[in-house]
Amino acid sequence: MAEISYLEAIRQGIWEEMERDPNVFLMGEDIGIYGGAFKITAGMLEHFGEKRVVDTPISESAIVGAAIGASFTGLRPVAEMQFADFITCGFDQIVNFAAKCRYRWGAAAPIVVRAPSGGGIHGGPYHSQNPEAWFVHTPGLKVIAPATPSDAKGLIKAAIRDNDPCIFFEHKALYRKIKEDVPEGDYTVPIGKARVFREGRDLSVITYGAMVHAAAEAAVTLAAEGIEIEIVDLRTLLPLDEEAILASVRKTSKAVVLHEATLTGGIGGEIVARITEKAFDALDAPVVRMAAPDTPVPYSPTLEEAFLPNARTIAEKARRLALY
Amino acid sequence: MAEISYLEAIRQGIWEEMERDPNVFLMGEDIGIYGGAFKITAGMLEHFGEKRVVDTPISESAIVGAAIGASFTGLRPVAEMQFADFITCGFDQIVNFAAKCRYRWGAAAPIVVRAPSGGGIHGGPYHSQNPEAWFVHTPGLKVIAPATPSDAKGLIKAAIRDNDPCIFFEHKALYRKIKEDVPEGDYTVPIGKARVFREGRDLSVITYGAMVHAAAEAAVTLAAEGIEIEIVDLRTLLPLDEEAILASVRKTSKAVVLHEATLTGGIGGEIVARITEKAFDALDAPVVRMAAPDTPVPYSPTLEEAFLPNARTIAEKARRLALY
Amino acid sequence: MAAVNPTATLSPAAGSAGDEPALARRLLYSMALMREVEDRIERKLYRQGKILGGVYVGRGQEAICIGAGAAVTADDLLFPCHRDLGLFFLRGVTPRQVFAQYMGRVGGLTRGRDGNMHMGDLNLKIVSIISAMAASVPVACGAAFGFKYQGTKDVAMVFFGDGATSRGDWHEGLNMAAVMKVPLVLICNNNQYAYSTPVEKQMACAHVADRAPGYGMPSEIVDGNDVLAVHDAAKRAVAHAREGLGPYLIECKTFRMTGHSAHDGATYVPKHLWAEWEAKDPIRRLEQAMLRSEWASEEEIEGIYAGIRQECDEAIEWAERSPYPDPATLTEGVYEGSR
Amino acid sequence: MAAVNPTATLSPAAGSAGDEPALARRLLYSMALMREVEDRIERKLYRQGKILGGVYVGRGQEAICIGAGAAVTADDLLFPCHRDLGLFFLRGVTPRQVFAQYMGRVGGLTRGRDGNMHMGDLNLKIVSIISAMAASVPVACGAAFGFKYQGTKDVAMVFFGDGATSRGDWHEGLNMAAVMKVPLVLICNNNQYAYSTPVEKQMACAHVADRAPGYGMPSEIVDGNDVLAVHDAAKRAVAHAREGLGPYLIECKTFRMTGHSAHDGATYVPKHLWAEWEAKDPIRRLEQAMLRSEWASEEEIEGIYAGIRQECDEAIEWAERSPYPDPATLTEGVYEGSR
Ligand SMILES: Cc1ncc(C[n+]2csc(CCOP(=O)(O)OP(=O)(O)O)c2C)c(N)n1
Ligand SMILES: Cc1ncc(C[n+]2csc(CCOP(=O)(O)OP(=O)(O)O)c2C)c(N)n1
Ligand SMILES: [Mg+2]
Ligand SMILES: [Mg+2]
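Residues numbered from 1 in each chain as written. Chains lettered and ligands numbered in written order. Predicted model: local features only at pLDDT ≥ 70, side-chain atom pairs only at ≥ 80, totals over all residues. Heavy atoms only, no water.

Enquirer: So what's going on with the interface of chain B and chain C? Residues and values would help.
Expert: Often, the extent of an interface is quoted as the loss of accessible area upon association of its parts. Opposite the 32 residues of chain B that make contact, chain C presents 38 residues. Roughly 2,700 Å² is buried in total at the junction of chain B and chain C, and carbon and sulfur atoms are behind 64% of that figure. One can count two salt bridges joining chain B with chain C. We note a salt bridge from B:D55 to C:K201, for which the minimum N-O separation is 3.7 Å. Taken together, chain B and chain C are joined by 13 residue pairs in polar contact (both at pLDDT 80 or more). The element that contributes the greatest number of residues to the side of chain B that touches chain C is helix α11 (residues 301-307) of chain B, accounting for five residues. A per-class count over the side of chain B that touches chain C returns 18 nonpolar, nine polar and five charged. (Contact = heavy atoms within 4.5 Å. Buried area = accessible area lost by both parts, 1.4 Å probe. Salt bridge = Lys/Arg side-chain N within 4 Å of Asp/Glu carboxyl O. Polar contact = N/O pair within 3.5 Å; in protein donor to acceptor, adjacent residues only side chain to side chain. Helix = DSSP H or I, 4+ residues; strand = E, 2+ residues; numbered from the N terminus. Nonpolar A, V, L, I, M, F, W, Y, C, P; charged D, E, K, R; others polar.)

Enquirer: Pulling in residues and values, what's your account of the confidence of the model for chain C?
Expert: Residue and element names in this part refer to chain C. On average, residues of chain C score 95 in pLDDT, and 95% of them reach the 70 mark or higher. Low pLDDT, under 50, characterises residues 1-9; the predicted model gives this stretch 20 contacts beyond four residues in sequence or across chains. Here residues 11-16 is a poorly scored stretch, pLDDT under 50, and it has 12 contacts once near neighbours within four places are set aside; other chains count. (pLDDT = per-residue confidence, 0-100.)

Enquirer: Before we move on, can you summarise the packing of helix α1 (residues 20-45) of chain D against helix α2 (residues 62-69) of chain D with the specific residues and values?
Expert: Residue and element names in this part refer to chain D. Where α1 contacts α2, the two axes come as close as 10 Å, and the packing angle between them is 140°. One element, α1, and the other, α2, form an angle in the oblique class. By crossing handedness, the relation of α1 to α2 is classed as right-handed. Contact residues: α1 offers L27, S30, M31, M34 and R35, while α2 offers E62, A63, C65 and I66. Looking at side-chain class alone, the contact of α1 with α2 contains six nonpolar, one polar and two charged residues. (Axes fitted to C-alpha atoms, helices over the stretch in contact; angles between N-to-C directions. Parallel < 35°, antiparallel > 145°, perpendicular 65-115°, else oblique. Left-handed = near helix turned anticlockwise from the far one by under 90°.)

Enquirer: Describe the pattern of salt bridges, naming the residues involved and giving the relevant values.
Expert: One pass over the structure, following the stated rule, counts 103 salt bridges over all chains. The closest approach of N and O atoms between A:D151 and A:R195, which form a salt bridge, is 3.4 Å. Linking A:D151 in helix α7 (residues 149-161) with A:R195 in strand β9 (residues 195-198), this pair joins segments that are 44 residues apart in sequence. Since its relative accessible area comes to 4%, A:D151 is described here as buried. Between C:E36 and C:R40 there is a salt bridge; the shortest N-O distance is 2.7 Å. One end of the pair, C:E36, and the other, C:R40, are both in helix α1 (residues 20-45), four residues apart, so they sit about a helical turn from each other. Taken together, the shared-partner salt bridges connect A:E16, A:E17, A:R20, A:K153, A:K157, A:R161 and A:D186 into one network. (Buried < 20%, exposed > 50% of the residue type's maximum accessible area, 1.4 Å probe, protein only.)

Enquirer: Any chance you could break down the coordination of the magnesium ion (ligand 3) for me, citing the residues and the numbers?
Expert: Looking at the metal site, the magnesium ion (ligand 3) is ligated by C:D162 (OD), C:N191 (OD1) and C:Y193 (O), spaced 2.0 to 2.1 Å from it. With relative accessibility at 1%, the residue C:D162 sits in the buried group. (Donors = N, O, S within 2.8 Å, 3.2 Å for Na, K, Ca; no water.)

Enquirer: How would you sum up the sheet that holds strand β3 (residues 53-55) of chain A? Please name residues and give values.
Expert: Strands pair in a sheet through their backbones, by hydrogen bonds, and they do so in one of two ways: parallel or antiparallel. Residue and element names in this part refer to chain A. Read across the open sheet, the seven strands follow the order β3-β2-β4-β5-β7-β6-β12; overall the sheet is mixed. Two strands bound the open sheet, and with one partner strand each, they are β3 and β12 (236-238). Sheet twist, expressed as the mean angle between neighbouring strand axes with direction ignored, is 20°. Bridge analysis of strand β4 (residues 76-80) against strand β5 (residues 112-117) gives three bridges, and the strand direction is parallel. Within β5, the residue paired with V78 across the bridge is V112. (Pairing = 2+ DSSP bridges.)

Enquirer: I'd like a rundown of the sheet that holds strand β6 (residues 142-144) of chain B, residues and numbers included.
Expert: Residues and elements named next belong to chain B. Sheet architecture is open: seven strands sit in the order β3-β2-β4-β5-β7-β6-β12, paired in mixed fashion. The sheet terminates laterally at β3 (53-55) and β12 (236-238), the two strands that pair on one side only. Going across the sheet, the axis of each strand differs from the next one's by a mean of 20°, ignoring polarity.

Enquirer: Explain helix α3 (residues 60-72) of chain A residue by residue, including any values.
Expert: Residues and elements named next belong to chain A. Over its 13 residues, α3 extends 19 Å from the first C-alpha to the last, a length consistent with the 18 Å expected when each residue adds 1.5 Å. Within α3, 13 of the 13 residues are buried, which leaves it mostly tucked inside the rest of the structure. Where α3 terminates, the next one or two residues include G74, which has phi positive at roughly 100°. (Expected span 1.5 Å × (residues − 1).)

Enquirer: If you had to explain the site of ligand 1 to someone new, which residues and values would you point to?
Expert: Around ligand 1 sit 22 residues in total, of which B:E60, C:H82, C:S131, C:G163 and C:Y193 are the nearest. Between ligand 1 and the protein, one listed contact pairs a nitrogen atom with a side-chain N or O atom of B:E60 at 2.6 Å. Between C:M133 and ligand 1, the recorded distance is 3.1 Å, taken from a backbone N or O atom to a nitrogen atom. Taking 580 Å² as the accessible area of ligand 1 by itself, protein coverage stands at 98%. A breakdown of the residues in the shell around ligand 1 according to their chemical character gives nine nonpolar, eight polar and five charged. (Near = heavy atom within 4 Å. Areas by Shrake-Rupley, 256 points an atom, 1.4 Å probe, with all protein chains shown as cover.)

Enquirer: Could you give an account of the site of ligand 2, naming the residues involved and the relevant values?
Expert: What surrounds ligand 2 is a group of 22 residues, the closest being A:E60, D:H82, D:S131, D:G163 and D:Y193. Here an oxygen atom of ligand 2 sits 2.9 Å away from a polar atom, N or O, in the main chain of D:A164. With respect to ligand 2, the side chain of D:N189 contributes an N or O atom lying 3.3 Å from an oxygen atom. Protein burial of ligand 2: of its 580 Å² of free accessible surface, 98% is covered by the chains. Looking at the shell around ligand 2 residue by residue, the classes come out as nine nonpolar, eight polar and five charged.

Enquirer: Break down the relation of the copies chain A and chain B for me, citing the residues and quoting the values.
Expert: For these two chains of identical sequence, chain A goes onto chain B by a turn of 180° and a shift of 0.0 Å along the axis, with RMSD 0.0 Å. As the rotation angle and translation indicate, the two copies are arranged about a two-fold axis. Relative to the rotation axis, the closest C-alpha in chain A is found at A:G269, a distance of 2.1 Å. Same-surface contact between copies: 100% of interface residues of chain A are shared with the interface of chain B. (Least-squares fit on C-alpha atoms with pLDDT ≥ 70 in both.)

Enquirer: Run through the packing of aromatic side chains, naming residues and quoting values.
Expert: Scanning all chains against the criterion turns up 46 aromatic pairs over all chains. On the numbers, 5.7 Å between centres and 75° between planes, the contact of C:F255 with C:W274 is edge-to-face. Of this pair, C:F255 sits in the loop between β7 (248-253) and α8 (271-278) while C:W274 sits in helix α8, and the two are 19 residues apart along the sequence. C:F255 gets classed as buried once you look at its relative accessible area, which sits at 1%. Arranged with centres 5.9 Å apart and planes meeting at 45°, the rings of D:F145 and D:Y149 form a pair that is tilted. In this pair, D:F145 and D:Y149 both sit in helix α5 (residues 136-150), four residues apart, roughly one turn of the helix. Given a relative accessible area of 8%, D:Y149 falls into the buried group. An aromatic cluster is built from A:F91, A:W134, A:F135, A:F169, B:F91, B:W134, B:F135 and B:F169, whose rings are joined through pairwise contacts. Positioned above the aromatic ring of C:Y149, the side-chain terminus of A:K51 is 4.4 Å from the ring centre. For B:K39, the ring lying beneath its charged end belongs to B:Y34, and the centroid distance is 3.5 Å. (Phe/Tyr/Trp six-rings, centres within 6.5 Å; stacked < 30°, edge-to-face > 60°. Lys NZ or Arg CZ within 6 Å of the ring centre and 35° of its normal.)

Enquirer: An account of the pairing of strand β2 (residues 24-28) of chain A is needed here, citing residue identities and associated values.
Expert: All names here are of chain A. By the criterion of burial, β2 is predominantly enclosed, with five of the five residues buried. Burial along β2 is two-sided: V24, L26 and G28 and F25 and M27, pointing in opposite directions, are all buried. Pairing of β2 with β4, which is carried by five bridges, proceeds in the parallel orientation. Across the sheet, the residue bridging to L26 is V78, located in β4. Looking at chain direction, β2 and β3 are connected through three bridges and run parallel. In the strand pairing of β3, L26 is matched with V53.

Enquirer: I'd like to hear about unusual backbone geometry, residue by residue, with values.
Expert: Cis geometry marks the peptide bond from A:L238 to A:P239; its omega dihedral reads 0°. With respect to the helices and strands, the residue A:P239 is situated in the loop between β12 and α9 (242-252). Phi at B:R235 is positive, roughly 65°, even though this residue is not glycine. With respect to the helices and strands, the residue B:R235 is situated in the loop between β11 (229-233) and β12. Under the relative-accessibility criterion, B:R235 is labelled buried at 9%.

Enquirer: An account of the interface of chain A and chain B is needed here, citing residue identities and associated values.
Expert: The interface of chain A with chain B comprises 48 residues on the first partner and 48 residues on the second. Per-residue buried area on chain A facing chain B is highest for A:W134, A:H137 and A:F280; these three make up 17% of the total on that side. For the interface between chain A and chain B, the tally reads four salt bridges. Here A:R289 and B:E277 are joined by a salt bridge, their closest N and O atoms 2.8 Å apart. Across the contact surface, chain A and chain B share 29 residue pairs in polar contact (both at pLDDT 80 or more). Counting only elements with at least two residues in the side of chain A that touches chain B, the list comes to α4 (91-97), α5 (101-105), α6 (132-136), β13 (255-262), α10 (267-279) and β14 (288-292) of chain A. Among the elements that make up the side of chain A that touches chain B, the one with the highest residue count is α10(A) (seven residues).

So this is what it looks like as C-alpha cells:
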C-alpha cells in the first residue's frame, strides 16, 4: 500500500474508472494540457487523448448541461468546476434538470460534477466557499464530501458508477495536506454511508470534509484532559446516514454538529433536527452547532483564521458541552 | 379600510413606492403591457410609463445583474422573476455578487427580486417550487415571505426602501385566495420581525407563507378538541426573528416547525436547531418538523395533494405532539 | 421577415423528389393530428376544467416541428420545446397518452409526475422539455457530443423560440457545439412573440439567423409555415451535421395563432396580424398544394381529418378512464430504485 | 489577427490632435506604473511569500485599460477585469492602497475583506471585479441603464477577456444592452488565451467582434498593444454611447506576457509567441513614438521610470506597515449597520 495524497487519490480514482469504462470521459476548463487548476487531471490528456479529456469554453451551465446530454447517450461524464464557487453559474442545469429527470420522466442522468471547495487557502470570497447545503436541499441529487484519501478515491469511483447525478465536493485545503495509505486495487466506498473516524465515549462530533481533521486535532488535546470525543465523518451529505449519526449520539448522549460552511441554513440544522426528532430521549444536553459565521469568506489571513473553525475553537466548544 | 387580496396588496405596495420615489423602477418579463404573468404590475405601464416599467428579454441573470448595476447609480430596482423556479437562472448574480457587495467592498446593492413561488396551483415541478432555503444560506441577503395582504404590502414597501438586497417570495396560491383589510395610508412592516398569527397555549407552530393559513385551518379543528395551538408567522426568513420563536416555544414548551418546501435541508432544520440550542430546557417534547417530502413537486392533483402539508395532516401532527 | 416571403403556394419539395405524395400525406396527417389534439386540449378539455395548470399549443406553427422532425431518423435524438407536440406523434406517442398526460393520469407519458408538454421518453429518443427556456440547447449539444464520441452517425435536433435566444444557455450551447463541432441541428421557431414580448424587445438584430456567423455556424431562414420548405431545410441541416461538419441553425419565421397559453387572450397582438397569418395556415397550404398537384383528392383529405377526429374522440375517452396516480407512489423514483 | 497588423511604430493619435505630448506622457506614466507595481507584486512580493493566494497581472496588456480608461471622464463608471489594474491608478487609487490590498492589510481598498484585483470603490466610480467571468457585463448594462434613466450623459465601460465571451452572462448582457440601447462601452482584451485555453477552443469565429452584428451593435478591432489606437477607438465608442446611440464593442488584440496567474508557468504557450509579442510591448512602443516625435527626451522618460520605482519602494514600505484587520471586525458590514 502506497501513501498518497487526497489529490492523488481522486486522480487515481478517476484514472482507474477511465481505464475500466470507455464511456467515462472528462470535461471542464483547462483540464487537458494544463491538467486542471489543481492538477487533478494531470497526465490524463496524454494518456486518454483529446476525445476523453475535453477542454471546454468558460461555460459552466453548458458544461453541466452537456454532461447531462452526453449521459443520455450512454456516456459517464465527469465535469469539473474550476472552483466550487462557480457552480452557481451551472446551478439551474443541476437543480432543475439533472436532479429532476428521473422523477419527472424516468430518465437517468448519471453525471458527476466535481467541485473543489473550501477555505484555508487564502482564496477570499470567490475561491473558498462551501456551497453543499444548496444541493442537499435538492431532491434527486447525491452530495458527496470526502475527508480522507481512501474515501476520496473510493467515493469518486462510486460516484462515477452511480446512476444518479452526484455533486462531488473536494476540499482544496486537503489536496496536498492529507496523505494516507489507500487500499490496493479496485474498490469503492458506498455512497450514503458515514463512518466513525475516531471512537469516543463522551460526546459525538458530527462533521465532514476538512473539519474532520480539525476535530481530530482537537480530540488529541481533549484526550489529554480525559475527554474522549467520537468523530463521525459523514462522507456523504445526501442521502444522510441517519443511522450512523443516531447510533453515535445514542452512545455518547451529546453532540456537536460541525461544518466549515456558514452557520445559518447550513446542513448542521438538518442534522440537529434529525437528532432531536429521533434521539431526543438519549440526549443529556442540547445538540450544539459549530460553523463559520454568516459572512462571505474573508481574504486577509487574520480574518480568515477567525472565520474558520479550528482545533482550538472546536476543543473549547466540545469541552463546554462535555461538562454540561 | 378596504378588503383587498394578497395580490392587490403587493400591487398597491409597489404602486405607492413608485409614486413616492422616482428612483423606484420595475424590470422583468412581460410586466409591461401584459401586467406580468400574475398581473401584479397591471396598469403600471400605463400610469408610470415605459421608462419605469421595463419589459426585458428572457434573461434572468441579466435582469438581476442589471438591477444591481442600476442600484449603483442610485436607482431602486424591483425585478420580477416570472416564476421563482427560474431564479436559478439568475442565481450567481444574487448569491455571488448582490449578497457580497457590501461586505467585500462596501457597496450597497438595494435591489428587490420578486419571486412568485409555491404549489397548489397545479404548476408541476417547474412552476411550484419553494426555493427560499438556498437564499437563507446566503449571508448578505434578506429573505421575505409574507402570508397576509397587510404584511405583503408592508413588507414589499419595506423591501423597496431597504438598503440591502431582498428576495421577496410571493406565494402564488395566496394571490387571489387570501383577502383582508389592510391599514390605511402609508405603512411598512419591519423586515426581520415575526408575528404571532394566532395565540395558543398548548404548542407552537412555527411557519410562514401559505402554511400559515393551513395551520390556521388546523387550529380550528384542534380548538374543537380543546387543543390550542399558537401560530408564529415568521414573515422574514433571513434574518430570522429568533426572539419571537423562542418566546413562543418557552410559552408552549412544544413546537412544530412547518414549511411547504421539501424537508431535507429546508429552513426547518435551522429553526429546530436554534430552538434546541437556546430553549432546550423549556421543551417538553422533541421539536418536530413538517414539510413536503423530498421529491420534485408533482403535477397530478392526487400526487400534489399528497405532497403538500394540509390542515388535516397538520392537525394530526399537532395532535400527536400535544399528547406527547 | 425580409429574408422570406411566405406565399399562399408552397415551394416545390426539392430533394424529396419521387415520394412527394406519400411524404405530403404523412406531413398533412401529422400536422392535422397535432392541430386537432391541441384544439381539443385548449378549447375543450381546458375550458371544461378537465385539464389544470398551463396549456401551451403550437397552432399555426405545426409545419416547423413536423417538417423538421420528419427529416431525421428514429435514432436521432429530439429536444422539443413547448409548441412542438407533433414531434411526439412522429415518434409513435399516441393521442391517448397525450390526453392522459394533460389530464395528469397514469396513462400519460410522465404518469402524472409532470404535466402538459413537459414530457419525454428516452426509449423513443425524445428528451423532455426543460421548462427554463433554452436550457435544452446545451443538453442537446452534449447529446450530439455523445454521438460523435461513440462514432454513430446520429444527430441531435433541438427546438426553441425567439425568446429563448436571449438566455445565456442558448449562447453557451451554440458556442460549445460550434467549438466541439458536434452534430447538432438547431431549429428556431421565430413566432415574433415571447409570451407578450415582441421580438423587437427581445433582440436588436433583424433575424435570429444573424447570430450564426458569430458562432462560425451556417444558418438559413425559412418560411416556417411552408412544411415542405422547412422539411427541405432540415434535411440540408441534418446532412451537414451527419457529415461531421458541425452544428447548423435554421430560423423558421412563423406566428403564434393563439395566446401564449390557454389563459392568455393575446390582446397585445395587433388585430391585423391574425388575418394576415391565418391566410398562411400551414395545414391549408399543404392541403391546397396536394390538391393542386393531385397528390390527394378532397375525399382522401377529408378522410384523413375524419379519421383524426374519431381517433381523438376515442383517445379522450380512454384518457378519462385512465386513473389518477396512486398517492402511495408519491416518493418513488427520485433515485434509482428509491420508493 | 487578420484585421489588425500591429506595427513597431504607433498609429498617429488622430483626434487627440494638439495635446499629444501631454496625453502621451500621462499614458506612458500610467502604463509604466501598472507594469512596475505588478512586477513588484508578481515577481517580488508573491515570491517572497508576502502575498498569499491568486495573483493575476496584465503584463503586456497595459495599453488596453490605460488607453480606454483615459477616454472617459471621472463621472463614467468603470468595470475592470483582472488585468486592468491601471484603471485604479487612473481613478486616483495609490500604489500604497494596491500593495496593501494584495497583502490583505487594512490599508487596502477592501480593508482585507477581499484580495488582489477583487476591489472597487463606488466613490471613485469603479466597480469591483466579479470573479465569475463576464458577470460584470449585465451589471454594467444596468448601470448604463441607470445613467439613461436619470438623463445624465455618463457611460459605463466594462472590460473582459476572450474567454469571458463564452459565458451566458456575456450574451445576456450584450443583448439586453443593445435592446435597451444604453450607453455601454465594451472593451474586450483578446489575449488569445483563457488560462491555458487558446481562443480556438473558446470560439469558432475568427474575432470576438464578429459577434457584434448578432446584437445589432457596432464594433471595431484594434491593435491592443497600441495605446494611442486603443485610446482613439475608445473615444469613438464613448462618443457613440454618450450620444445615445447604444452600446459599442471594441476588441483589442493583445497577448498575455506571463502565466494566467503567478503560479502558472504557461509552458503551454508556443515559445516563439513570447519573442514575437515582446517586440510589440506597448510601453516600449509609446516610448519610441514619444522620442521619435520629440514629445519627450530620454531623460524625461527615464525620470518618469525612476519616479515610479521610488514611488513603489515607498508604497511597499507603507503597505507593510499597514496592519492586518482586527479579527473583532470579522462580522461587520454584512448588512447595513451590522456588526
Ligand atoms: C428561464 C425562463 N424564464 C421564463 C420562463 C417563462 N416562459 C415560458 S415560455 C416563455 C416565452 C417563450 O418565448 P419563445 O422562446 O419565443 O417561445 P414561444 O412561446 O414563442 O414559442 C416564457 C417567458 C421560462 N419558461 N424560462
Ligand atoms: C465563471 C467562471 N469560471 C471560471 C473561472 C476561473 N477563471 C478565472 S480567469 C479565467 C480565464 C479567463 O480568461 P479570459 O476571459 O480570456 O481573461 P484573461 O485572463 O485571458 O484576461 C478562468 C477560467 C472564473 N473566474 N469564472
Ligand atoms: Mg416566440
Ligand atoms: Mg484571455
